[in-house]
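# Architecture at a glance
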Amino acid sequence: MLIRKHPSVMIFLALLAVFTIAVTLMSEAYGSGVVPTSTVKTLGKTLCLALAAVAMDLVWGYAGILSLGHMAFFALGGYMIGMWLMYARTGEIVAATLANAPIPPTAEELRQGITSQIFGVVGSADLPLTWSFAGSLPMQLLLVLAVPGLLAFLFGWLAFRSRVNGVYLSILTQAMTLALSLWLFQNDNGFRGNNGLSGLQNIPGLTEVPQSVISIWFLWASALLLAGGYLLATWLTAGKFGSVIRAIRDDETRVRFLGYPVEGYKLTVFTISAMICAAAGALYYPQAGIINPAELAPIASVYLAVWVAIGGRGRLYGAVIGAMVVSLLSSWFTGGRAPALDLGFYRVEWVNWWQVLLGLGFVAVTLFAPRGLSSLMDALAGLRPPRRLGADLGPDVSALREKEAEA
């Protein structure tokens, strides 16, 4: 029913499937080897970033809540799964080291060995309380959604209950992200401070499997997660819930006067989008191999908003387009793959100029394609926005107009 009412969903899923199959057939593990393992990892991470952009579009493009802290939820998801990856992999190493001891090690000795290996770098010999479930994969998977979801729920409940809106809410979300980042930088919080969690690309129990194969597995998982997140976001925005959050975006006061629990709707979409971001982060950081507090820097959440704006907010596929285009271009320019441009009097190193290009691109899209890159696809498909009459009755470009209301 959902796909029949929204044929763009089927098109998106088909393109995602074709993309995934094509990369697999050109990979070093299952194909011709044209696409190296490093590129496969980059593409897998890009799919995770695209899912984070879908979550951002859900809360900003549809509900009108400009959150500048969603990458905090993304990173928290990575921390939760990273704790299990690091604990389990270190456990394998310690067990192999102690296996040759004259007396078999006890469970407590194994635990102490794991703790000293992980936390010796920050001068600690005790396993922090936050790592109580690090040895259990099911529990850490549950925490991937529970911890960011609870943080988003508490923050949203306090903010929306106080009716904080607009730029003030954006500043609060950024302050939350900065506070969390500064807390994680401390060595005594149980997350290894500035060192973060490393070696996440080494999957416990799969040490004999080459990275070329594991990278493809992660690509498949990222594609499936993106497909599932896209379907969930489409389902949420297609029905009554989607109509209400769009109405809140356009005219929150009117929706409140109509009797709808505005704070409840905003809290729901904010919490769900945070959990989607966390799930994306849980798949992203094992492919990246490391996570540290710098990943929570407020600028990362600003980039996420820029991706959605470039792709076209209020369109889920626009968020995916924006995230993939900007992320891949960023990898190309900052990864040293773009050849330097020698002007004679000055040599342009694109690593240093990428942020300038991103800023110019954002300005260009704002001026010439205010609805984002996705509007260019609409133009190619012959789709045109409806002819609007009168002045806006709401702050958004899609709000009801005066003469339409009178009709």
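Owing to the predicted nature of the structure, the values given are computational and were not obtained by experimental measurement.

So, about the overall build of the protein chain. Helices and strands together make up the secondary structure of the protein chain, namely 16 helices and four strands. Relative to the compact-globule value of 22 Å for 407 residues, the protein chain shows a C-alpha radius of gyration of 23 Å, a close match. Taking the principal axes of the C-alpha coordinates as reference, the protein chain spans close to 90 × 55 × 50 Å. Evaluated residue by residue, the protein chain yields a buried proportion of 46% over its 407 residues. Considering only contacts within the protein chain whose residues lie at least 6 apart along the sequence, 73% involve residues at least 24 apart. For the protein chain, the exposed surface amounts to about 19,800 Å²; the carbon and sulfur share of it is 66%. The distance from the centre of the 25 positive side-chain charges to the centre of the 21 negative ones in the protein chain is 9 Å.

With that settled, consider helix 13 (residues 316-334). An ideal rise of 1.5 Å per residue puts 27 Å on 19 residues; helix 13 measures up with 27 Å between its terminal C-alpha atoms. Inspection of helix 13 places Leu316, Gly318, Ala319, Val320, Gly322, Ala323, Met324, Val326, Ser327 and Phe333 among the buried residues, and these make up the whole buried set. The positive-phi residue at the C-terminal boundary of helix 13 is Gly336, with phi of around 80 degrees.

At their nearest, the axes of helix 3 (residues 37-62) and helix 13 sit 8 Å apart, and the two run at 140 degrees to each other. One element, helix 3, and the other, helix 13, form an angle in the oblique class. Crossing angle aside, the handedness with which helix 3 passes helix 13 is right-handed. The residues of helix 13 that touch helix 3, namely those facing Thr42, Leu43, Thr46, Leu47, Leu49, Ala50, Ala53, Val54, Asp57 and Tyr62, are Leu316, Ala319, Val320, Ala323, Met324, Ser327, Leu328 and Ser331. A breakdown of the residues in the contact of helix 3 with helix 13 according to their chemical character gives 13 nonpolar, four polar and one charged.

What follows concerns the pattern of salt bridges. By the definition in use, this model includes nine salt bridges. Between Glu108 and Arg111 there is a salt bridge; the shortest N-O distance is 3.9 Å. Note that Glu108 and Arg111 are positioned in helix 5 (residues 107-119) at a spacing of three residues, about one turn of the helix. In this structure Glu108 comes out as partly exposed when scored by relative accessible area, which is 43%. The salt bridge involving Arg163 is made with Glu263; its shortest N-O contact spans 3.6 Å. Taken together, the residues Arg163 in the loop between helix 6 (137-161) and helix 7 (166-184) and Glu263 in helix 11 (residues 262-288) connect sequence positions 100 residues apart. Overall, Glu263 belongs to the partly exposed group, its relative accessible area being 24%.

Here the focus is the nonpolar core. Ranked by internal contacts, the top residues of the largest apolar core, which has 114 residues, are Ile65, Phe74, Tyr79, Trp131, Leu197, Leu226 and Phe270. With residues up to four places along the chain from it excluded, the contact list for Phe270 reads Val59, Ile65, Ser67, His70, Phe73, Ala152, Phe155, Gly156 and Phe160.

Right, let's get into the packing of helix 8 (residues 211-238) against helix 11. For the pair helix 8 and helix 11, the least separation of the axes is 10 Å and the interaxial angle reads 170 degrees. Relative to helix 11, the element helix 8 is oriented roughly antiparallel. Along the contact surface, helix 8 presents Phe218, Leu219, Ala221, Ser222, Leu225, Leu232 and Leu236, while helix 11 presents Ile272, Ile276, Ala279, Ala280, Leu283, Pro286 and Gln287. Taken together, the residues of the contact of helix 8 with helix 11 break down into 12 nonpolar, two polar and no charged.

Moving on: the side chain of Thr234. Along the chain, the position of Thr234 falls in helix 8. Side-chain polar atoms of Thr234 contact the backbone oxygen of Tyr230, separated by 2.8 Å. Excluding its chain neighbours within four sequence positions, the residues that come into contact with Thr234 are Leu2, His6, Val9 and Leu316.

On to the packing of aromatic side chains, then. Aromatic rings in a pair are described by how distant their centres are and how their planes are angled relative to each other. Scanning the entire structure with this criterion turns up 16 aromatic pairs. Summarising the aromatic geometry, the rings of Trp183 and Phe191 are spaced 5.8 Å apart at their centres and angled 65 degrees between planes, so their arrangement reads as edge-to-face. Among the aromatic residues, those joined into a cluster by ring pairs are Phe73, Phe155, Phe160 and Phe270.

Right, let's talk about the side chain of Thr46 for a bit. Along the chain, Thr46 falls in helix 3. The exposure class of Thr46 is buried, given its relative accessible area of 1%. For Thr46, the contacting residues outside a window of four places in its chain are Met324, Ser327 and Leu328.

As a further point, take helix 6. With 25 residues, helix 6 ought to run about 36 Å at 1.5 Å a step, and its terminal C-alpha atoms sit 35 Å apart, in line with that. At Leu143, helix 6 is bent by approximately 30 degrees, the largest bend along its length. Residues Gln140, Leu143, Val144, Pro148, Gly149, Ala152, Phe155, Gly156, Ala159 and Phe160 constitute the buried set of helix 6. Among the structural elements, helix 4 (70-98), helix 7 and helix 11 are those in contact with the buried residues of helix 6. Where helix 6 begins, one side-chain oxygen reaches toward the backbone nitrogen of Met139, 3.4 Å away; that side chain belongs to Ser136. Downstream of helix 6 by a residue or two, Arg163 has a phi angle that is positive, lying close to 55 degrees.

This part covers unusual backbone geometry. Even without glycine at this site, Arg163 takes up a positive phi of about 55 degrees. On the basis of relative accessibility, which here comes to 52%, the residue Arg163 falls in the exposed class.

Glancing now at a nonpolar patch on the surface. A contiguous nonpolar surface patch, about 770 Å² in accessible area, is contributed by Leu341, Leu343, Phe345, Tyr346, Trp353, Val356, Leu357 and Leu360. Of the residues forming the nonpolar patch, the biggest block, four residues, is contributed by helix 14 (residues 350-368). Relative to the helices and strands, Tyr346 is located in the loop between strand 3 (341-342) and strand 4 (347-348).

Calculation criteria
- Residues numbered from 1 in each chain as written.
- Predicted model: local features only at pLDDT ≥ 70, side-chain atom pairs only at ≥ 80, totals over all residues.
- Heavy atoms only, no water.
- Helix = DSSP H or I, 4+ residues; strand = E, 2+ residues; numbered from the N terminus.
- Rg over C-alpha atoms; globule rule 2.2 N^0.38 Å.
- Buried < 20%, exposed > 50% of the residue type's maximum accessible area, 1.4 Å probe, protein only.
- Contact = heavy atoms within 4.5 Å.
- Areas by Shrake-Rupley, 256 points an atom, 1.4 Å probe, with all protein chains shown as cover.
- Lys, Arg positive; Asp, Glu negative; His and termini not counted.
- Charge placed at Lys NZ, Arg CZ, Asp CG, Glu CD.
- Expected span 1.5 Å × (residues − 1).
- Axes fitted to C-alpha atoms, helices over the stretch in contact; angles between N-to-C directions.
- Parallel < 35°, antiparallel > 145°, perpendicular 65-115°, else oblique.
- Left-handed = near helix turned anticlockwise from the far one by under 90°.
- Nonpolar A, V, L, I, M, F, W, Y, C, P; charged D, E, K, R; others polar.
- Salt bridge = Lys/Arg side-chain N within 4 Å of Asp/Glu carboxyl O.
- Core = buried A, V, L, I, M, F, W, Y, C linked by side-chain atoms within 4.5 Å.
- Polar contact = N/O pair within 3.5 Å; in protein donor to acceptor, adjacent residues only side chain to side chain.
- Phe/Tyr/Trp six-rings, centres within 6.5 Å; stacked < 30°, edge-to-face > 60°.
- Bend = angle between axes of the 7 residues up to and from the residue.
- Patch = residues over 30% accessible without salt bridge, like charges linked within 9 Å, V, L, I, M, F, W, Y side chains within 5 Å.

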